[in-house]
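Summary of the model geometry
Listed below, chain by chain, are the residues.
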Amino acid sequence: MDILKFFENSINQNKLSHLYLIVGPQGELRDQLILNIIQRLNDQTYESKLAAQESSQLYWIEAENTMIKKQQIVALQEEFSKTSLSDGKRIYVIDDIETMNVQSSNALLKFLEEPLSNQTIGLLTTDKPQSILDTILSRTQLLKMPYLTKEDVFNHLTILNVIDTKKSIISEITRDLSVAESLCEYQEIDQIVQLIENFPKQIHSKDTFEPWLLETTKIFSENSSFFEYLVQILYRLLLDIKKGQNMTFSVIENALEDIKPYINLDAIDKTLHMLQQTLYENRYNIHLDTSRRKMIHSMKELIRS
């Protein structure tokens, strides 16, 4: 769908809705799309997301410490209950609404149920529409951004001469080319590369596996976003080993027959469930180092005695 053309037609035909859900990957492309939509709605151009956030005609909410909180939605409600001093549409943006907790979701529903000016338009964004409450989803007009594929990101990084393991990792965690390029520079990504490349050697011993993984992942106790990337990659790694085909990481595919005798395949499903739970808990500000240690201790059960 050409989303900008859709908004142009809706404006020309006077068929704008009050609430839209923009589904697409996080990053500069989605941010720029929102700025372009706002420009068409209000004939106002912003040079950056920061400039837009400072506008009196625009209210932009982002997650605080990985979560959108009730207080942020209440503040939005209070702001839009005031009489606007400027002409034109009043627009609010809520980024990554899948990060709302129960309290903030209920506050948003209350806000949506109150009569709003026909000049008020909400733009919600997410890359996980399946995580959004049906009661919120049903109130939106859903618009999907065209997604880049994993192969698109991988091929782009190939042009930049990024090593294979790093390309595979980054294309697994983002579909935004600018984000992909920036991730290449982070020490945390290099550490995940080291983990993947050394995994076949370390899986041989239950006694040394846990200390090695604790040391290798120590850096991930400092940043919840990179910790989430780590968990995503571990999940993909184990899922690939379980399936035994179409491996994401060539170094694992090449060593698969050597790895299998040491892996307790019966424990993989339990470990995959544990990793999903770890991702969920990470949203609720669980202490990262505690969560990391608990996760790694559980992973030791993957190795046969």
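Let us look at the structure shown here. This structure is a prediction, so every number in the text was calculated from the model and none was measured.

**Focus: a nonpolar patch on the surface**
Among the surface-exposed residues, Y280, Y284 and I286 lie close enough to one another that they form a single nonpolar patch of about 280 Å² accessible area. Within the secondary structure layout, I286 lies in the loop between α14 (265-282) and α15 (288-299). Owing to a relative accessible area of 36%, I286 belongs among the partly exposed residues under this scheme.

**Some words on the packing of aromatic side chains**
For the coordinates displayed, the defined rule picks out 11 aromatic pairs. Summarising the aromatic geometry, the rings of F199 and F209 are spaced 6.1 Å apart at their centres and angled 80° between planes, so their arrangement reads as edge-to-face. A residue pair is termed long-range when its members are at least 10 positions apart, and F199 in helix α10 (residues 187-202) and F209 in helix α11 (residues 206-216) qualify at 10 residues. Taken as a pair, F199 and F209 share a single burial class, namely buried. The ring of F80 carries R90 above its face, with NZ or CZ at 4.5 Å from the centroid.

**Observations regarding α11**
Buried within α11 we find F209, E210, W212, L213, L214 and T216. For α11, the side-chain oxygen to backbone nitrogen distance between the N-cap and D207 is 3.3 Å, and the N-cap itself is S205.

**Thoughts on the packing of helix α12 (residues 224-243) against α14**
For the pair α12 and α14, the least separation of the axes is 10 Å and the interaxial angle reads 165°. Put simply, α12 runs roughly antiparallel to α14. Crossing of α12 against α14: the hand is left-handed. Across the interface between the two elements, S224, F227, E228, V231, Q232, L234, Y235, L238, L239, I241 and K242 of α12 pack against I268, D269, T271, L272, L275, Q276, T278, L279 and N282 of α14. Here the contact of α12 with α14 is composed, by residue class, of 11 nonpolar, 6 polar and 3 charged.

**Details of the side chain of S104**
Mapped onto the elements of the fold, S104 is located in helix α5 (residues 102-113). Of the polar contacts made by the side chain of S104, one reaches the backbone oxygen of I68; its length is 2.9 Å.

**Structural notes on the sheet that holds strand β4 (residues 120-126)**
Taken in spatial order, the 5 strands make up an open sheet running β2-β3-β4-β1-β5, and their pairing is parallel. Only two strands of the sheet have a single partner each, and these edge strands are β2 (58-61) and β5 (141-144). The sheet shows a mean angle of 20° between the axes of neighbouring strands, taken without regard to direction. Sheet topology places strand β1 (residues 19-23) next to β5; 4 bridges connect them, and they run parallel. Across the sheet, residue V23 finds its bridge partner in β5, namely K144. Sheet strands in contact with helix α1 (residues 3-12) are β1, β4 and β5, and its direction is about 145° off that of β5. Relative to the sheet, helix α4 (residues 70-80) contacts β2, β3 (90-94) and β4, its axis offset from that of β2 by approximately 175°.

**Some words on the environment of E222**
Secondary-structure assignment places E222 in the loop between α11 and α12. Put simply, E222 and H287 are 65 residues apart on the chain and 9.9 Å apart in space, counted from C-alpha to C-alpha.

**Some thoughts on unusual backbone geometry**
Here the phi dihedral of D43 falls at roughly 50°; this positive angle occurs in a residue that is not glycine. Note on placement: D43 falls in the loop between α2 (28-42) and α3 (49-53). Judged by relative accessible area, which is 64%, D43 ranks as exposed. We note that N65 has phi near 55°; this positive angle belongs to a residue other than glycine.

**Quick notes on the environment of I203**
Among the secondary structure elements, I203 is positioned in the loop between α10 and α11. Residues I203 and F7, 196 residues apart in the sequence, show an inter-C-alpha distance of 53 Å. With residues up to four places along the chain from it excluded, the contact list for I203 reads F209, I259, Y262, I263 and I303.

**Comments concerning the nonpolar core**
The tendency in soluble globular proteins is for nonpolar side chains to be buried as a group. Among the nonpolar cores identified, the biggest contains 51 residues, and I196, F199, I241, I252, M295 and M299 are the most heavily contacted of them. A total of 11 residues in this core trace back to one element, the largest contributor, which is α12. Those residues in contact with F199 that sit more than four places away from it in its chain are F209, W212, L237, I241, I252 and I259. Within the second largest apolar cluster, 21 residues are counted, among which are F7, L41, W60 and V93.

Quick notes on the rules
Residues numbered from 1 in each chain as written. Predicted model: local features only at pLDDT ≥ 70, side-chain atom pairs only at ≥ 80, totals over all residues. Heavy atoms only, no water. Patch = residues over 30% accessible without salt bridge, like charges linked within 9 Å, V, L, I, M, F, W, Y side chains within 5 Å. Areas by Shrake-Rupley, 256 points an atom, 1.4 Å probe, with all protein chains shown as cover. Salt bridge = Lys/Arg side-chain N within 4 Å of Asp/Glu carboxyl O. Helix = DSSP H or I, 4+ residues; strand = E, 2+ residues; numbered from the N terminus. Buried < 20%, exposed > 50% of the residue type's maximum accessible area, 1.4 Å probe, protein only. Phe/Tyr/Trp six-rings, centres within 6.5 Å; stacked < 30°, edge-to-face > 60°. Lys NZ or Arg CZ within 6 Å of the ring centre and 35° of its normal. Polar contact = N/O pair within 3.5 Å; in protein donor to acceptor, adjacent residues only side chain to side chain. Axes fitted to C-alpha atoms, helices over the stretch in contact; angles between N-to-C directions. Parallel < 35°, antiparallel > 145°, perpendicular 65-115°, else oblique. Left-handed = near helix turned anticlockwise from the far one by under 90°. Contact = heavy atoms within 4.5 Å. Nonpolar A, V, L, I, M, F, W, Y, C, P; charged D, E, K, R; others polar. Pairing = 2+ DSSP bridges. Core = buried A, V, L, I, M, F, W, Y, C linked by side-chain atoms within 4.5 Å.

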